[in-house]
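Architecture and fold: a report
As a plain string of letters, each chain reads:
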Amino acid sequence: MKLLMIIRFFFTSDNSQLRKSLFFPLISIFLATFIILITFSIMDGMQGKIEDKIVKFEYPYLVENYNLNKVNNKNFSNYGTSKISLLNNSNLVKVKIYNNFDDYVLNIEEYISASKKIEGNSIFIGSNLANDLNLNIGDSLELSAITDVNYITGSIQKKDFIVSGIFKFNFMNFDDDFCVISYDSASKLFKLDGFVDFYFLGQKSASDFTSLNKINEDSLISYKDIYYDLLTAMEI
């Protein structure tokens, strides 16, 4: 009853006529509220899509730079590293190296725009990088291990790969500067010292790894730590 009286007080004049002058401000408030709600919904959706791209590209959790020979349980086989390389003597690229190469490819399947059967010397590259170098599925390319130069002879190890997949994330520089190869292929090109990163899809498996190998929990890194500034900016 009191609410009805308040509504009548604000919306009717002394002669009980509707205050038409209030219609425009009320409609404006309604539309503004609606736009704000839609904007926040879109932002939440965008943030979700961005986080999905990050965790697919990077994995949600990792333990960095751990000695492969000290791992107590060989079931933890999802490890790798990264190297800077020269592609076709023209483009500097960051090479992501995975022991479970097939699993990684399966994990990013929705972002692969084209692919063929994976072989021993397969490489997956970003779509923009492929366009810049006019590379297509089945083409051959050369990687040079420029960070592992033989200082005595001055020679640089090189290896040919077959483009078996092209991924398209449309995010940051993922499609411009990255390629992915298997750990086995990388061992024939780069000098790998046995210190690798271990990757995990879930926090429990990551915690199990650190516990079993007596690693400090602080060594466990999540994608939110790596992309903290970006994710924080989206929440503002």
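Anything mentioned here points back to the structure above.
Read on for an overview of the structure.

Moving on: the overall build of the protein. Helix and strand counts for the protein stand at 9 helices and 10 strands. Every one of the 236 residues in the protein was classed for burial, and the buried ones make up 40%. When contacts within the protein are restricted to residue pairs at least 6 apart in sequence, long-range pairs at least 24 apart make up 72% of them. Accessible surface for the protein amounts to roughly 14300 Å². Of this, 56% is attributable to carbon and sulfur atoms.

With a phi angle near 80 degrees, Y59 is a residue other than glycine that sits in the positive phi range. Turning to its location among the elements, Y59 is positioned in the loop between α2 (23-58) and β1 (61-67). For Y59, a relative accessible area of 3% corresponds to the buried category. Non-glycine residue K214 carries a positive phi angle of around 55 degrees. Inspection of the secondary structure puts K214 in the loop between α7 (203-212) and β10 (220-222). Judged by its relative accessible area of 75%, K214 falls in the exposed class.

Another aspect to go through is the pairing of strand β6 (residues 140-144). Across 2 bridges, the pairing between strand β2 (residues 79-87) and β6 is antiparallel. The partner of L86 across the bridge, within β6, is S144. Bridge count between β6 and strand β7 (residues 158-167): 5 bridges; the pairing is antiparallel. Looking across to β7, one finds that E142 is bridged to D160.

Scanning the model with the defined rule gives 7 salt bridges in all. The closest approach of N and O atoms between E119 and K116, which form a salt bridge, is 2.8 Å. Residue class for E119 comes out partly exposed when judged on its relative accessible area of 38%. Residue class for K116 comes out partly exposed when judged on its relative accessible area of 28%.

Quick look at the environment of D175 now. With respect to the element layout, D175 can be found in helix α5 (residues 174-177). Owing to a relative accessible area of 2%, D175 belongs among the buried residues under this scheme. Apart from the residues lying within four places of it in its own chain, the contact partners of D175 are G126, S127, N128, L129, F167, K168, F169 and N170.

Attention now moves to the nonpolar core. One finds I123, I125, L141, L143, F198 and F209 to be the most contacted residues of the largest nonpolar core, which totals 35 residues. In terms of nonpolar packing, the next biggest core, distinct from the first, is built from 25 residues, Y98, F178, I221 and L231 among them.

Looking at where V95 falls in the secondary structure, it is placed in strand β3 (residues 91-98). A sequence separation of 48 residues divides V95 from L143, and the C-alpha atoms of the two residues are 9.3 Å apart. Among all residues touching V95, those that are not within four sequence positions of it are T81, S82, K83, S85, L143, C179, I181 and F190.

Further remarks concern α7. A206, F209 and T210 are the residues of α7 that are buried. Down the axis of α7, the buried set is contained in an arc of 95 degrees. They therefore lie on one face. In this structure, α7 carries K204 and S211 as exposed residues pointing more than 90 degrees from its buried face. On its buried face, α7 sits against β1, β9 (195-200) and β10. The first or second residue beyond α7 is K214, which carries a positive phi of 55 degrees.

Relative to the elements of secondary structure, T81 occurs in strand β2. Apart from residues lying up to four places away in sequence, T81 is in contact with V95, K96, I97, L192 and Y199.

Scoring rules and cut-offs
Residues numbered from 1 in each chain as written. Predicted model: local features only at pLDDT ≥ 70, side-chain atom pairs only at ≥ 80, totals over all residues. Heavy atoms only, no water. Helix = DSSP H or I, 4+ residues; strand = E, 2+ residues; numbered from the N terminus. Buried < 20%, exposed > 50% of the residue type's maximum accessible area, 1.4 Å probe, protein only. Contact = heavy atoms within 4.5 Å. Areas by Shrake-Rupley, 256 points an atom, 1.4 Å probe, with all protein chains shown as cover. Pairing = 2+ DSSP bridges. Salt bridge = Lys/Arg side-chain N within 4 Å of Asp/Glu carboxyl O. Core = buried A, V, L, I, M, F, W, Y, C linked by side-chain atoms within 4.5 Å. Arc of directions from axis to C-beta.

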